[in-house]
Amino acid sequence: MSYIDTINEQTRPRSGSAQNTGCFAHVVGWGVEVPEKVLTNFDLEEMVDTSDEWIRERTGISERRIAEDRDSTFTLALRAARKALSQANVSPRDLGLIIVATSTPVYLFPSTACMIQDKLGATQAGAFDLLAACTGFIYGLGMAAAQIRTGMIEHALVIGAETLSRIVDWSDRSTCVLFGDGAGAFVLSASDDPGGIIDYVLHSDGSGGDYLVVSSGVKQTWNGEPRRQSLTMNGQEVYRFASRVMSQGTQEVLGMAGLKVDDIDLIIPHQANIRIIKSAARGLKLPMDRFYVNIDRYGNTSAASIPLAIADAVEDGRLKPNDKIVLVAFGAGLTWGALVMDWAVEPTPRSHLREALRESWYILASIRSLLRRLWRVIEAIFWRHDKSKHLESGRSDDEDQE
Ligand code: COA
C-alpha cells in the first residue's frame, strides 16, 4: 500500500462502520402501519388530467394509501412503534433514543418523536425528529446504530412516518400521482454477536435543494403572509440524480464493508419510481429479482418507504433471517445514503399475557402524562402565588436564591 493509500485509508470517513467496536446494533423488531383508504390511479383520473396507463408506465404505481382525517403522522407512527416494540419484546422504558424520520410532522415543535415518547411512556429516552426526506429512515438507522455501538444506549426506536397526502397539491398531476401515506418502525438493540448494521454511508448536496421543495410555513418576513406549503418538484432532475446515486451508494457501502454485490441477498431500495430502481439494477449489473419492489401498492411514502418494503418482503418470503441486505435511498435536500446489514430478526411468538401487560403499560403512560400535566398546573399556581408575595415584599428572585 502506498503512502497516499495509507493516508486515504486512515482518513476515509467511516461514519457507519461496526468493524472496530465490540458492540453491535441489531434490528430486533419491526412494525408497520398503513391507512386503510386506497386511492387508485382510476380515482386520480377523476381528479386530474392523467391515466392509469401513464402512471403505471412512468412510475410503476397502481395505488397508494391515504390517511383518514382522524389520523396524522403521529398516530400512524405510534401504532407502528407499538407493533415494533411488541415484536421485539422490548419495554418502552428501556429505550434510550427515539428518532422519527419525517417530512410531514404534525408540528415543527413539539417533535413527533416527543409526542411518541410521551404516549409510549419511554421515560428514559431522548427523542427528536430527523428531516432527511426520503433518505430519513437510513439516516435514522445510522444515527441510532452509532449511539448503540459507542455504548451510549442499549435500545433505540427508529420510525419513518409520513402523511404526504397533506402536503401534496392535488391539482398538480406531475406530483400528486406519486405519493402516499404510511409508517414503519424498527427497534434496535445492542448485542455482542457480530452482525446487525454493518456499515452505512450518508451523503448530501444542498446545491440541488431547489429540485424538491416544501416550505416550512414560517413567514418570510415578520409581518408577511405564511408561505405556501405544497410540494414542488423538478421531476426530471430528481430522476437523473436518483438514477446515479442509487447504484453509486450501494457500491460505496459494499466497498466500505468489504463485500461484493453477489454477497447481498436482497436490495431494498427507496420506492420512488420503478424506472429508477431498474436503472440502479442496470448500474449494478443485477437482475431485477435482486431488488424488492412494492411501489405498485403504496407509491412513494418517503421516510416510510423502506420499512414498508421490508415488512412486505418478509411477508412475501423474500427476506429471511440471516439474509444480508442493502437499504438504499435518495431524497430532497438533496440527500442519499445506503446501509448494509444482516437481517436476523426472528419474530417473538405472540403471548396474550405479554400483550395485556404492554397495553396496561400504555394506559399507565397516559395516566402518567395526565398527572404530569396536572402537576405542572398546580406548580404554576404555587409559583404565581409565591411570585406575587415576593413582589409585594419587594424582594427579587435573585435575592431569594441567595
Ligand atoms: N399524467 C399524464 N401526463 C403527465 C403526468 C400525469 N400524471 N405528469 C406529467 N405528465 C406529462 C407532462 O406534462 C409531459 O407532457 P408534455 O410532454 O406534453 O409536456 C409528459 O407527461 C412527460 O413529462 P415528464 O416530466 O417528462 O415525464 P417523466 O417521464 O420524466 O416522468 C416523473 C415524470 C415525475 C414520473 C419522473 O420524472 C420521476 O419519477 N422523477 C423522480 C421523482 C421522484 O422520485 N420524486 C421523489 C423523490 S424522493
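Analysis parameters
- Here, residues in each chain are numbered from 1, in the same order as that chain's written sequence.
- The predicted origin of the model limits local features to residues at a pLDDT of at least 70 and limits the giving and counting of side-chain atom pairs to 80 or more, whereas totals for whole chains, interfaces and linings rest on all residues.
- Angular values range over 0 to 180 degrees, each being the angle between N-to-C directions of two axes fitted as lines to C-alpha atoms, with helices fitted over their stretch in contact.
- Helical segments are the DSSP runs of H or I of at least four residues, strand segments are the runs of E of at least two, and each set is numbered from the N terminus.
- Each angle is binned into one of four classes, with values under 35 degrees roughly parallel, values over 145 roughly antiparallel, values of 65 to 115 roughly perpendicular, and all other values oblique.
- With the far helix as reference, a near helix turned anticlockwise by less than a right angle produces a left-handed crossing, and one turned clockwise produces a right-handed crossing.
- Residues are defined as contacting one another if the C-beta atoms placed from their backbone atoms lie within 7 Å.
- Classes in brief: Ala, Val, Leu, Ile, Met, Phe, Trp, Tyr, Cys and Pro nonpolar; Asp, Glu, Lys and Arg charged; the others, Gly included, polar.
- As annotated, the domain borders come from an automatic or database domain assignment.
- By this rule, a helix spans an expected 1.5 Å times one less than how many residues it contains.
- Exposure is read from a count of other C-beta atoms within 10 Å of each residue's own; the residue is exposed at 12 or fewer, buried at 20 or more and partly exposed in between. C-beta atoms are placed from the backbone.
- Put simply, a nonpolar core is a cluster of buried Ala, Val, Leu, Ile, Met, Phe, Trp, Tyr and Cys residues tied together by C-beta atoms within 7 Å.

## Some words on the packing of helix α8 (residues 235-257) against helix α9 (residues 274-283)
Two elements in contact, α8 and α9, have axes whose closest approach is 8 Å; the angle formed by their N-to-C orientations is 40°. Taken together, the axes of α8 and α9 are oblique relative to one another. Crossing of α8 against α9: the hand is right-handed. Residues Tyr239, Ala242, Ser243, Met246 and Ser247 of α8 pack against Ile276, Ser279, Ala280 and Gly283 of α9. Partitioned by chemical class, the residues of the contact of α8 with α9 number five nonpolar, four polar and no charged.

## Thoughts on the domain arrangement of the chain
According to the domain assignment, the chain contains domain 1 (15-212 + 226-343) and domain 2 (366-401). Distance between the C-alpha centres of domain 1 and domain 2: 44 Å.

## Some details on helix α4 (residues 73-88)
If you check α4, its first and last C-alpha atoms are 22 Å apart, about what 16 residues at 1.5 Å a residue would give, namely 22 Å. The buried fraction of α4 is high, at 13 of 16 residues. Directly beyond the C-terminal end of α4, a positive phi value near 55° is found at Asn89.

## Quick word on the nonpolar core
Of all hydrophobic cores here, the largest spans 114 residues; its most connected members are Ala77, Ala81, Ile98, Ala144, Val158, Ile159 and Leu188. If one sorts the elements of this core by residue count, α4 sits on top with nine residues. Apart from residues no more than four positions distant in its own chain, Ala144 is found in contact with Ala25, Leu97, Ile99, Ala156, Val158 and Leu188.

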